[in-house]
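# Observations on chain architecture
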Amino acid sequence: MRLLERMRKEWFMIGIVLAIAGAKLEPSIGVNGGPLKPEITVSYIAVATIFFNSGLSLKTEELTSALVHIKLHLFIQIFTLAFFPATIWLFLQLLSITPINEWLLKGLQTVGCMPPPVSSAVILTKAVGGNEAAAIFNSAFGSFLGIVITPLLLLLFLGSSSSVPFTSIFSQLFMTVVVPLIIGQIVRRYIKDWLERKKPPFGAVSSSVLLMIIYTTFCDTFSNPNIDLDTFSLILILFMIFSIQLSFMLLTFLFSTRNNSGFTPADTVAIIFCSTHKSLTLDFLSSLFIRNSNAEDRVCRPRAPLPNICALAHIPPSSDPSGKCVGANNKVLDGVKAEDTVQL
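Every chain is numbered on its own, with residues counted from 1 as its sequence reads. Selection of residues for local features in this predicted model requires a pLDDT of at least 70, selection of side-chain atom pairs for listing and counting requires 80 or more, and totals for whole chains, interfaces and linings are taken over all residues. Values reported for side chains reflect all heavy atoms of the structure, with hydrogen atoms and water molecules removed beforehand.

### With respect to the packing of aromatic side chains
Let me state the cut-off plainly: For Phe, Tyr and Trp, where Trp contributes only its six-membered ring, two rings pair if their centres lie within 6.5 Å, and the inter-plane angle classes them as stacked under 30 degrees, edge-to-face over 60, or tilted in between. Put simply, DSSP marks the helices as runs of H or I at least four residues long and the strands as runs of E at least two long, and each gets a number from the N terminus on. Relative accessibility decides the category of a residue: with a 1.4 Å probe and only protein chains considered, values under 20% of the type maximum give buried, values over 50% give exposed, and everything between is partly exposed.
The tally for this structure, following the rule as stated, stands at eleven aromatic pairs. Their ring planes at 85° and their centres at 5.7 Å tell us that phenylalanine 79 and phenylalanine 248 sit as a pair that is edge-to-face. With phenylalanine 79 in helix 5 (residues 70-95) and phenylalanine 248 in helix 11 (residues 231-256), this residue pair connects regions lying 169 residues apart in the sequence. Note on accessibility: phenylalanine 79 and phenylalanine 248 belong to one class, buried. Ring centres 5.5 Å apart and planes at 15° place the aromatic pair phenylalanine 137 and phenylalanine 141 in the stacked group.

Below, the structure is given as structure tokens:
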């Protein structure tokens, strides 16, 4: 009985393990174009469900008060879009003289330049009783900022020329984040008494959606056979990533819990998850098109193979002699109109 009770409490962690194991056993189910159609069910439906769920569960006054918490917003955005990538760049200058795979280091820098996560930070903040409204605002606002700032950071730190389909990303963020949140708030006005009486398991619903996101992400990783990576580099980079992640989480905790910080414990939770995790759920990495230096007429997009909940870096791409992008992180861009892109 104790074991069952423990498993019931830790169902989310068990779910993560099962999701990864399931993706390893049969990755074809959750890949793009597969039976689950993650390019639709995850990129749109799953994210929209999370924010509709949040709009339904949050009081309007909580969202309103979160909007005017300027100090918290500045802390999160400056940390994640300035301090985080700059610190990673300095750290990688030291690692550049080591035998670690060059593409892993570039992948780590790329992840460091990403904006706050769209969904996972909201789910994790809610799960531990943090300031969910602040997490929602900073996830959405940071994602909109990232459309412009992330390509500039990649250009600054990696020298990579990138084109961003501004219109399509903006519309996707608006339709999957802002609109569901507003609809959730409208619906809440009509069923408020029922919600307070029944207390639906909003947290469990959001966590279940996150498990689906994790599953499809790992399916995409395990389905690609073209991973050119030595064991030493992988083990070392994983150790460094977990060390960096824990260090940043500790740093944000110390800064936000000072006596004169002005942040509540709930604010601290939102700060920790929004500042130190990076965007993945809207395929933001897939929306940054980095040109291959050996094939200027081919446009490739780096794909983060592992979820930001673990803050893991890119698997490095490999290239054939013709310079075509065939690595695990690269997929040829299609379906994006030239007039929708912003060249940087």
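Now that the structure is up, let's keep going.
### Digging into the UniProt feature "transmembrane region" (unreviewed entry) in the chain
Selection rule: UniProt positions are given in the numbering used here, feature names are shortened, and annotations may be inferred rather than shown by experiment.
Feature annotation in UniProt places "transmembrane region" (unreviewed entry) on residues 41-58, 70-91, 103-124, 136-157, 169-188, 200-218 and 233-255, given in this structure's numbering. Structurally, residues 41-58 is divided into 94% helix and 0% strand, and its ends, taken at the C-alpha atoms, are 24 Å apart. Annotated as 100% helix and 0% strand, the span residues 169-188 places its first and last C-alpha atoms 28 Å apart.

### Overview of the nonpolar core
Note the threshold: Among buried residues, those of type Ala, Val, Leu, Ile, Met, Phe, Trp, Tyr and Cys that are joined through side-chain atoms within 4.5 Å constitute a nonpolar core. Residues count as neighbours in contact if any of their non-hydrogen atoms are within 4.5 Å of one another.
Within the largest apolar cluster, 44 residues are counted, with the highest numbers of intra-cluster contacts made by Phe51, Val177 and Ile213. At eight residues, the largest contribution of residues to this core is made by helix 10 (residues 202-222). Residues in contact with phenylalanine 51, not counting those within four places in the same chain, are Val118, Val122, Ile136, Thr176, Val177, Pro180 and Leu181. Ranked by size, the runner-up nonpolar core spans 14 residues in total, among them Ile100, Leu108, Ile237 and Ile244.

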